[in-house]
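# Reading the structure
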Amino acid sequence: MSSSKLMSMADAVRSFVRDGDVVYLAGFTHLIPFAAGHEIIRQGRRELTLCRATPDLVYDQMIAAGCARKVVFSWAGNPGVGLLRAFRREVEAGRLEVEEYTHFGMVARLTAAAMGLPFFPLRTNQGSDLPAVNPNLRTVSCPYTGQPLSAVPALPVDVAVVHVQRADPTGNAQVWGIIGEQREAAFSARRVIVSAEEIVDPEVIRADPNRTLIPDFMVHAVVHEPWAAHPSYVQGYYDRDNDFYLAWDDVSRDPAQTRAWLDEWVYGVTGRNEYVSKLGGERLESLRPEPLESPPVNYGIYR
Amino acid sequence: MAATAGVTRYTAQEMMIVAAARRLRDGERVFVGIGLPNLACNLAKRLHAPGIQMIYEAGVVGARPLRLPLSIGDPTLVTGAQSVCSMFDVFAFYLQRGLVDVGFLGAAQVDRFGNLNSTVIGPYDRPKVRMGGSGGACDIACLARRVFVLMPHQIRRFPERVDFVTSPGYPGGREGRRALGLPDGGPDTVITNLGVLGFDEGGEMVLTSVHPGVSPEDVQANTGWPLKVAPALEVTPEPTDEELRLIREELDPRGLYLRRME
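Please read all numbers here as calculations on a predicted model, not as lab measurements. (Residues numbered from 1 in each chain as written. Chains lettered and ligands numbered in written order. Predicted model: local features only at pLDDT ≥ 70, side-chain atom pairs only at ≥ 80, totals over all residues. Heavy atoms only, no water.)

Here we come to the overall build of chain A. Secondary structure summary: chain A contains twelve helices and 14 strands in total. A compact globule built from 303 residues would reach a C-alpha radius of gyration of about 19 Å, and chain A, at 20 Å, matches this within 12%. Burial statistics for chain A: of 303 residues in total, 58% are counted as buried. Partitioning the intrachain contacts of chain A with sequence separation of at least 6 by distance along the chain shows that 74% fall at a separation of at least 24. Accessible area of chain A: about 12400 Å², with a carbon and sulfur share of 51%. Separation of charge centres in chain A, based on 30 positive and 37 negative side chains, amounts to 5 Å. (Helix = DSSP H or I, 4+ residues; strand = E, 2+ residues; numbered from the N terminus. Rg over C-alpha atoms; globule rule 2.2 N^0.38 Å. Buried < 20%, exposed > 50% of the residue type's maximum accessible area, 1.4 Å probe, protein only. Contact = heavy atoms within 4.5 Å. Areas by Shrake-Rupley, 256 points an atom, 1.4 Å probe, with all protein chains shown as cover. Lys, Arg positive; Asp, Glu negative; His and termini not counted. Charge placed at Lys NZ, Arg CZ, Asp CG, Glu CD.)

Structure, rendered in structure tokens:
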């Protein structure tokens, strides 16, 4: 019986995120761990290699705050809106190193690391200029047919953060809805922080074991952090705050304005609780979906 | 931009959606994003192709959305969907396995051989404009059986060679594509606000149809190389009243993806 790993986000970041780390904040549009990103900013981590298929607003904010040395990614935009302006400013000024892949390449890199393989063969990238600007994209021959295949190297991660709907105190983590690259990110990492909307009894986890994406022995810290994914969303809990994504396009247009936003919403609050109070009840209520429960499945009792 | 005779009845975007929708066949599996491709698929589903299956790169298969999604990972795509899988699964099991009939792409630039750029304008190391990058675009260009490209027709967007090949079309022609180890496929159709273009045996772009009111000279004036024109050049049939009604009243009534008038 393992013991509880429950702690605050501040303690989790203090204990498990170090300067210079290769970091993966997981979640494709869904469950993006903004609370962890903001805590990393508050604690002033530097020289991070930030990896995500879609850097999204969370990395735009971390880049603006000076946390990043390098970004490893496959699509750097504000989904449904346009560009990531802080990211773009730093790249165009030559101040931020980038290493880019395709979406398939990026998730295959995590999968290789998660499986303990040095690389993954793919039928993509050929004919693209991406291999010309990223020496990590190489060509291998199939050992059986000689056919040329593209190869991407494993992406070993120092610390991954995964936000989930529910976890138990030891870190068994359950997710539903879009599962993106969460499992791959956790298994590719040396240290894993799980934040959860709800902390549940281990029996709740055991009642539906197919839904456990990450088992507790992969997990180093468990943080009870409701609304941790705002302005991204949590299926069944709250909607994506599309107005925020649209507003960020203006906020991030100008470095001083971006800085003022960080001062108010990141440095100016002690943690997610305060951020959530600051958002206000009306905004939060407007994001709650009408519930739709899935009928239970029958696992059976076998003795 | 050429004036079009039908501009008072429908917009260029509506013409593009209709032209794309008519090229989708019933029962096809379509790898789709948000915006115009999404509307084209839904239009085809309401008309001649009710059996189209929409697959999203977020891992959603057979979505049944109650609202138009702003982002490709919107929760409305999940509720009521046929299946939700990981991103690795959607790219490996569906796309790489060859189960995707049509992939839709847009880009900042497309060239004579259908290569697409969505990465940088100018040199890679000191870009004049840094864009989003590949995302799933290169994967779709490599692995979908047919690729449909939707983009505005402007000379800076149609250079003879793109500044950066994010997603391959037919580099070195159709043979060149095969020699790279890519499965058969590649760009099938480019649909713009001026017309519809296909690709010949050598993998070179050919103008196959002009939208009503557009001349081949208008298209050439907005294209950065001497454009091949099909011997039997057609005029794209105008959107029907029913197609326009569906788009405006049922598919995008609030104009989330479409500007109402241009």
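All names here are of chain A. Per the counting criterion, the structure on display carries 37 salt bridges over all chains. The closest approach of N and O atoms between Glu 97 and Arg 69, which form a salt bridge, is 3.0 Å. Highlighted residues: Glu 97 in strand 6 (residues 97–100) and Arg 69 in strand 3 (residues 68–73), separated in sequence by 28 residues. Residue class for Arg 69 comes out partly exposed when judged on its relative accessible area of 35%. A salt bridge links Arg 259 to Asp 263, with the nearest nitrogen and oxygen atoms 3.8 Å apart. (Salt bridge = Lys/Arg side-chain N within 4 Å of Asp/Glu carboxyl O.)

Of all the positions in helix 1 (residues 9–16) of chain A, only A:Met9, A:Ala12, A:Val13 and A:Phe16 are classed as buried. End-on view of helix 1 of chain A: buried residues confined to an arc of 95°, all on one side of the axis. (Arc of directions from axis to C-beta.)

On to the side chain of A:Asp158, then. Residue and element names in this part refer to chain A. On the secondary structure map, Asp 158 appears in strand 10 (residues 157–167). Side-chain polar atoms of Asp 158 contact the backbone nitrogen of Val 22, separated by 2.7 Å. A polar contact of 2.8 Å, which involves the side chain of Asp 158, links it to the side chain of Arg 190. Those residues in contact with Asp 158, other than ones at most four positions away along the chain, are Gly 20, Asp 21, Val 22, Arg 190 and Arg 191. (Polar contact = N/O pair within 3.5 Å; in protein donor to acceptor, adjacent residues only side chain to side chain.)

The next thing to look at is the environment of A:Glu293. By the element assignment, A:Glu293 lies in the segment after helix 12 (281–286). A relative accessible area of 74% means that A:Glu293 is categorised as exposed.

With that settled, the discussion passes to the environment of A:Arg138. All names here are of chain A. Residue position: Arg 138 is located in strand 8 (residues 138–141). We classify Arg 138 as exposed; its relative accessible area is 54%. Separated by 130 residues in sequence, Arg 138 and Ser 8 have C-alpha atoms that sit 42 Å apart. With residues up to four places along the chain from it excluded, the contact list for Arg 138 reads Leu 149, Ser 150 and Ala 151. In this structure the side chain of Arg 138 is engaged in a polar contact, spanning 2.9 Å, whose partner is the backbone oxygen of Pro 135.

Residues A:Tyr24, A:Met62, A:Phe87, A:Ile193, B:Leu24 and B:Phe104 are the most contacted members of the largest nonpolar core, which totals 176 residues. Two domains each provide a minimum of three residues to this core, namely domain 1 (9–114 + 154–280) and domain 2 (119–153) of chain A. Every residue in contact with A:Ile193, bar those within four places of it in the chain, is listed here: A:Ala12, A:Val13, A:Phe16, A:Val17, A:Val159, A:Ala160, A:Val161, A:Val162, A:Ala221 and A:Val223. (Core = buried A, V, L, I, M, F, W, Y, C linked by side-chain atoms within 4.5 Å. Domains from an automatic or database assignment.)

Residues and elements named next belong to chain B. For Gly 106, the location among the structural elements is in the loop between strand 5 (102–105) and strand 6 (109–110). Judged by relative accessible area, which is 43%, Gly 106 ranks as partly exposed. With 44 residues separating them in the primary sequence, Gly 106 and Leu 150 have C-alpha atoms 5.2 Å apart.

The next thing to look at is the interface of chain A and chain B. Facing 48 residues of chain A, the contacting portion of chain B comprises 48 residues. Between chain A and chain B, the buried area comes to about 4000 Å², and carbon and sulfur atoms account for 63% of it. Taken as a group, A:Phe104, A:Arg123 and A:Gln126 account for 15% of the area that chain A buries against chain B, more than any other trio of residues on that side. Run the count over chain A and chain B and you get two salt bridges. (Buried area = accessible area lost by both parts, 1.4 Å probe.)

Cysteine pairs can be covalently joined through their sulfur atoms, and such a bond is termed a disulfide. A complete count under the given rule lists zero disulfides over all chains for this structure. Here A:Cys51 stays free of any disulfide, with the sulfur of A:Cys67 as its closest cysteine sulfur at 14 Å. We note that B:Cys138 lacks a disulfide partner, and the nearest cysteine sulfur, in B:Cys142, lies 4.0 Å from it. (Disulfide = S-S within 2.5 Å.)

Here the focus is the domain arrangement of chain A. Residue and element names in this part refer to chain A. Domain assignment breaks chain A into domain 1 (9–114 + 154–280) and domain 2 (119–153). Just the C-alpha atoms count here: the centres of domain 1 and domain 2 sit 29 Å apart. Counting from both sides, the interface comprises twelve residues of domain 1 and, opposite them, eleven residues of domain 2. Among the residues domain 1 hides against domain 2, the three largest losses belong to Glu 100, Tyr 101 and Thr 102. Together they make up 41% of the total. Run the count over domain 1 and domain 2 and you get zero salt bridges. If you list the elements that add at least two residues to the side of domain 1 that touches domain 2, you get strand 6 and helix 5 (103–115). In the side of domain 1 that touches domain 2, the residues fall into six nonpolar, three polar and three charged. (Nonpolar A, V, L, I, M, F, W, Y, C, P; charged D, E, K, R; others polar.)

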